[in-house]
Amino acid sequence: MTRYLLRSVAPLGAERTDLLLGDGVILAVGADAREAAGRDAVVVDGDGLVALPGLVDLHTHLREPGREDTETVRSGTRAAAAGGFTAVHAMANTDPVADTAGVVEQVWRLGRDAGYADVRPVGAVTIGLAGERLAELGAMATSAARVRVFSDDGKCVWDPVLMRRALEYTRAFDGVVAQHAQEPRLTQGSQMHEGAVSAEIGLAGWPAVAEEAIIARDVLLAEHVGGRLHVQHLSTAGSVEIVRWAKARGIRVTAEATPHHLLLTDELARTYDPVFKVNPPLRTAEDVEAVRAGLADGTIDVVATDHAPHAAQDKDCEWSAAAFGMTGLETALSVVQHVMVDDGPFGWADVARVLSVTPAAIGGVTDHGRPLEAGEPASLVLVDPAARTVVDPAAQATASRNSPFAGRELPGAVRWTFLRGHATLADGVLTEADR
Amino acid sequence: MRHLLDAGDLSRDEAVGLLDVAEAMARTQSRQIKKLPALRGLTVVNLFFEDSTRTRISFEAAAKRLSADVINFSAKGSSVSKGESLKDTAQTLRAIGADAVVVRHSASGAPHRLAHAGWIDTPVVNAGDGTHQHPTQALLDAFTLRRHLADGTGDLQGRHVVLVGDVLHSRVARSNVQLLHTLGARVTLVAPPTLLPVGVEDWTCDVSFDLDTAVDGGAPAGAPDAVMMLRVQRERMTSGYFPSEREYARRYGLDRARVDRLPEHAIVMHPGPMNRGLEISAEAADSPRSTVVEQVANGVSVRMAVLYTLLAGQDPAQAAADITRTETR
Ligand SMILES: [Zn+2]
């Protein structure tokens, strides 16, 4: 296996040092690394680059099986590697739905065979995402895929009894129920955030309360039964308040925000361009501020992409006919740098926390999100914070083109991604995986 | 003016200019030979993804009286009713050589997509999109109001128009609130709170839940110069927007008693089609104050003005002068 000597990189943005990677681990750090490197190590000039543990996404739609025209496990994990991710959680809303040990093992194997990022399948909470009967959560947990995150994402586990049972049942194997909080009756036909913009442009409104009411209910259920709840793509100021309150009460709840909810607002719907149509919808500037503040103070634990590739014909149409969702794997780190580092209170250690360490902990991914120390797995990423790039969906590795950041200049570029010592991205170029 | 998508896009001068052109067009319509040669050789496509015979024939008459060729394309009920069909249809129109597209669609923003997605480069006229906009309806309403309340010239400065009914689902209400404000009129919306959008507080109008107060001039803006009734779909009742037709008619319907309490000069408007007995009683609809039939006739003049202004590529003031010249020749 190739050894890499990473010269003069800044781990978590701190003092520069050298890292020697080999045999899938970080072999040595600092002077030891230089000494141990030997002649045949590939030297990477890390001048100006920040080293972070490989990013871990808690919320990815890889679309395989079922919609391989929009993304495959291979194309999606290549996009992950290009974006600095070394592990992704693949959502269950595929066709067939990932609601059995067989399907989650299939997805897990596809990820392993592609070799670009570890794929951690998310298991459906209910059979067929139908919200009626619990799927075999235990079988998925004990399968080769070792599922720990369960979600009907795309649909809300609306039935309060079923949600209670899921929170209870998953305690047996330290699972977490990741809820797509959307009260279905309050959002029938909803197209965008309900407020001043929807009133004016005549698109059916999606009230904040439809998200907040479910989160409020779920944190109380989690408190009652002691289960572990994860709130997906939290998008409103009210949701931040509820999670803050729940955490103060000691309820076992974690929450994620997406890059698009950290940057974009419902004003973009005025274009009627469905590239800005997403579930939950883009909210107001006040909500964006509250979500940023929640991420800054730790109320929101992680940033997750909700990478949702869609075929061109499902976006190149009128708004109400279009699919919900945006791609995000290849822009997430840049958006977080822009919003939370360049224009916010975060240092690079905070970035590592919300994009790697904590998502790995929530998902039970033990070999990712590790410290950059000798003996640790060599899954890490080198970022050039000084680079600036105009987002071009056609140049991305994802098989779909629905990036809401198209044409925007964003800071930061991922230069190298290593998965257990193997370079999946080398100086900005995806490599051929060698497994 | 490249497209007409949104009543809110019109400046005061553009709107007054269009109304002036419409007046000039209306005068030509009282002549024996109604047809003008203005758009000879040009093709207007009426692209209707949603049934509306009234609006379609109004646009068709307007285009034909300007000597344009008209192609009617109705996509309702065929396999092309959603999805990429809008794009495919647009490209078909480009291949056919349409010079202007008049589009009606059940999806809010569909005309906006047609105009701005890069699929075609012809002028687009919004003939009603979802619950968003219906700008030619607002123009014909303003035209009607101006004839009754401002001698057919200038704007509507200081006039007070009360709009009553299902504002939430109404493109007519959205367009009228914007255009009437642009023209200097005051607007009061009257509706049950369930039929007003969240966010209506930001609109350039007053809001009331009580029709009697508005009729009696107790609303913030005082006595109305016109009352415009909006169509209420009976299905709204089953979705819980109001408890029953009877209760709606009692609280928000315009009946004879309410008409009688209006100031003597005030007119009663309705964009049609009317639900007699629900939002408007038969006596109110047929009263001498009702401008319902007149609105239909005015619709043709206003749509002639819009097509002429867009296709002749002139600003409305210039267009008005030109039409007046052909008229006196
Ligand atoms: Zn979701």
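What you see is a predicted model, and the numbers here were worked out from it, not measured in a lab.

> Quick question: what am I supposed to make of the packing of aromatic side chains here?
Given two aromatic rings, one states the distance between the centres and the angle between the planes to describe the pair. For the structure on display, the rule yields eight aromatic pairs over all chains. Relative to phenylalanine 324 of chain A, the ring of tryptophan 206 of chain A has its centre 5.7 Å away and its plane inclined at 70 degrees; by these criteria the two rings are edge-to-face. Of this pair, tryptophan 206 of chain A sits in strand E12 (residues 205-206) while phenylalanine 324 of chain A sits in the loop between strand E15 (302-303) and helix H11 (332-342), placing them 118 residues apart in sequence. According to the relative accessible area criterion, phenylalanine 324 of chain A is partly exposed, its value standing at 28%. Ring centres of tyrosine 248 of chain B and tyrosine 252 of chain B lie 5.7 Å apart, and the angle between their planes is 35 degrees; on these two criteria the pair is classed as tilted. Of this pair, tyrosine 248 of chain B and tyrosine 252 of chain B both sit in helix H8 (residues 245-252), four residues apart, which is roughly one turn of the helix. Assessed through its relative accessible area of 3%, tyrosine 252 of chain B is described here as buried. An aromatic cluster of three or more residues is present, and its members are Tyr4, Trp416 and Phe418 of chain A.

> Which parts of the structure should I look at to understand empty space enclosed by the protein?
In this approach, a probe sized like a water molecule rolls over the atoms, and the result shows the empty space that is left. Residue and element names in this part refer to chain A. Under the defined criterion, the tally for this structure stands at four cavities of 30 Å³ or more. Along its surface, the largest cavity is lined by 13 residues, and Met192, Ala269, Phe276, Leu282 and Trp319 are the ones closest to its centre. In terms of residue class, the lining of the largest cavity is built from eight nonpolar, three polar and two charged.

> When you look at the coordination of the zinc ion in this model, what are you seeing that I'm missing?
Working reference: metal with six octahedral donors, ideal angles 90 or 180 degrees; metal with four tetrahedral donors, ideal angle 109.5 degrees. All names here are of chain A. Summarising the metal site, the zinc ion is bound by the protein donors Asp153 (OD), His180 (ND1) and His233 (NE2), whose distances to it range over 1.9 to 2.2 Å. Between the donor residues of the zinc ion, the gaps in sequence give the motif D-x26-H-x52-H. Linking aspartate 153 in the loop between strand E9 (149-150) and helix H5 (160-169) with histidine 233 in the loop between strand E13 (229-231) and helix H8 (237-248), this pair joins segments that are 80 residues apart in sequence. On the accessibility criterion, aspartate 153 (3% relative accessible area) is buried.

> Is there a simple way to explain the domain arrangement of chain A in this structure?
Many authors give the size of an interface as the accessible area that is lost as the parts come together. Residue and element names in this part refer to chain A. Split by domain assignment, chain A resolves into domain 1 (4-51 + 374-430) and domain 2 (54-363). With centres defined by C-alpha atoms, the gap from domain 1 to domain 2 works out at 26 Å. At the junction of the two partners, domain 1 supplies 31 residues and domain 2 supplies 44 residues. Summed over both sides, the interface between domain 1 and domain 2 buries roughly 2900 Å², with carbon and sulfur atoms accounting for 63% of that surface. Its largest share of buried area at the contact with domain 2, domain 1 owes to Asn402, Pro404 and Phe405, together 22% of the area lost on that side. Run the count over domain 1 and domain 2 and you get one salt bridge. For aspartate 118, the salt bridge is made with arginine 420, and the minimal N-O distance between the two is 2.7 Å. Between the two partners, domain 1 and domain 2, sit 16 residue pairs in polar contact (both at pLDDT 80 or more). Among the secondary structure elements, those contributing two or more residues to the side of domain 1 that touches domain 2 are strand E16 (380-390), strand E17 (409-419) and strand E18 (422-426).

> Would you mind showing me how to read the interface of chain A and chain B here?
Chain A puts 20 residues into the contact, and the matching count from chain B is 24 residues. Buried surface at the junction of chain A and chain B, summed over both partners, amounts to about 1600 Å²; 51% is from carbon and sulfur atoms. Joining chain A to chain B, the criterion identifies three salt bridges. A salt bridge links lysine 87 of chain B to aspartate 316 of chain A, with the shortest nitrogen-to-oxygen separation between them at 2.5 Å. Seen at the junction of chain A and chain B, the total is 10 residue pairs in polar contact (both at pLDDT 80 or more). A breakdown of the residues in the side of chain A that touches chain B according to their chemical character gives eight nonpolar, five polar and seven charged.

> Would you mind going over the pairing of strand E4 (residues 124-129) of chain B with me for this structure?
Both faces of the sheet carry side chains from a regular strand, because those side chains alternate between them. Residue and element names in this part refer to chain B. Of all the six residues making up E4, six are buried; the element is thus mostly covered by neighbouring parts of the structure. As judged from the four bridges shared by strand E3 (residues 100-105) and E4, these two strands associate in the parallel manner. In the sheet register, histidine 105 faces E4, and the bridge partner there is aspartate 129. You can see the chain leave E3, run along helix H4 (residues 110-116) and come back into E4, and the turn it takes is right-handed.

> Help me understand the pairing of E3 of chain B, please; the structure alone is not making it clear to me.
All names here are of chain B. Counted residue by residue, E3 has six buried out of six residues, so it is predominantly covered. On E3, burial covers both faces: Ala100, Val102 and Arg104 on one face and Val101, Val103 and His105 on the other are all buried. In the sheet, strand E1 (residues 43-48) pairs with E3 via five bridges, with the strands oriented parallel. When the bridges of E3 are listed, leucine 47 appears paired with valine 103.

> In this structure, what is going on with the packing of helix H1 (residues 12-28) of chain B against helix H11 (residues 292-311) of chain B? I would like to understand it.
Each pair of packed helices can be summarised by the angle the axes make with each other and by the distance between the axes. Residue and element names in this part refer to chain B. For the pair H1 and H11, interaxial distance at closest approach is 8 Å and the crossing angle is 115 degrees. By crossing handedness, the relation of H1 to H11 is classed as right-handed. Contact residues: Leu18, Val21, Ala22, Met25, Ala26 and Thr28 in H1; Ser301, Val302, Met304, Ala305, Val306, Tyr308 and Thr309 in H11. Tallied by class, residues from the contact of H1 with H11 come to 10 nonpolar, three polar and no charged.

> How should the UniProt feature "binding site: Zn(2+) 1" (unreviewed entry) in chain A be read in this particular structure?
Residues and elements named next belong to chain A. Per the UniProt entry, the sites bearing "binding site: Zn(2+) 1" (unreviewed entry) are His59, His61, Asp153 and Asp306 in this numbering. Spatial clustering of the annotated residues is evident: they stretch over 248 residues in sequence, but the largest pairwise C-alpha distance comes to 9.8 Å. Those residues within four positions of histidine 59 in sequence are excluded, and the remaining contacts are His89, Met91, Asp153, Gln232, His233, Glu256, Ala304, Thr305, Asp306 and His307. A polar atom in the side chain of histidine 59 sits 2.8 Å from the side chain of aspartate 153. With respect to the secondary-structure elements, histidine 61 resides in the loop between strand E6 (55-60) and helix H2 (73-82). Residues in contact with histidine 61, not counting those within four places in the same chain, are Met91, Asn93, Asp153, Asp306, His307, Ala308 and Pro309. At 2.9 Å, the side chain of histidine 61 and the side chain of asparagine 93 are in polar contact.

> How do you make sense of the sheet that holds E3 of chain B when you look at a structure like this?
Within a sheet, neighbouring strands are paired by backbone hydrogen bonds and run either parallel or antiparallel to one another. All names here are of chain B. The sheet built from four strands is open, its strands ordered E2-E1-E3-E4 with parallel pairing. Taken across any chain shown, the strands that pair with only one partner, and hence form the sheet edges, are strand E2 (69-74) and E4. Averaged over all pairs of adjacent strands, the angle between their axes in this sheet comes to 15 degrees, without regard to strand direction.

Cut-offs applied
Residues numbered from 1 in each chain as written. Chains lettered and ligands numbered in written order. Predicted model: local features only at pLDDT ≥ 70, side-chain atom pairs only at ≥ 80, totals over all residues. Heavy atoms only, no water. Phe/Tyr/Trp six-rings, centres within 6.5 Å; stacked < 30°, edge-to-face > 60°. Helix = DSSP H or I, 4+ residues; strand = E, 2+ residues; numbered from the N terminus. Buried < 20%, exposed > 50% of the residue type's maximum accessible area, 1.4 Å probe, protein only. 1 Å grid on protein atoms, 1.4 Å probe; cavity = no way out; pocket = protein on both sides within 12 Å on 5 of 7 lines; lining within 4 Å. Points joined across faces, edges and corners; volume = space filled by probe spheres on them. Nonpolar A, V, L, I, M, F, W, Y, C, P; charged D, E, K, R; others polar. Donors = N, O, S within 2.8 Å, 3.2 Å for Na, K, Ca; no water. Domains from an automatic or database assignment. Contact = heavy atoms within 4.5 Å. Buried area = accessible area lost by both parts, 1.4 Å probe. Salt bridge = Lys/Arg side-chain N within 4 Å of Asp/Glu carboxyl O. Polar contact = N/O pair within 3.5 Å; in protein donor to acceptor, adjacent residues only side chain to side chain. Pairing = 2+ DSSP bridges. Right-handed = clockwise from strand over helix to strand, strands pointing away. Axes fitted to C-alpha atoms, helices over the stretch in contact; angles between N-to-C directions. Left-handed = near helix turned anticlockwise from the far one by under 90°. UniProt positions renumbered as here; feature names shortened; annotations may be inferred.

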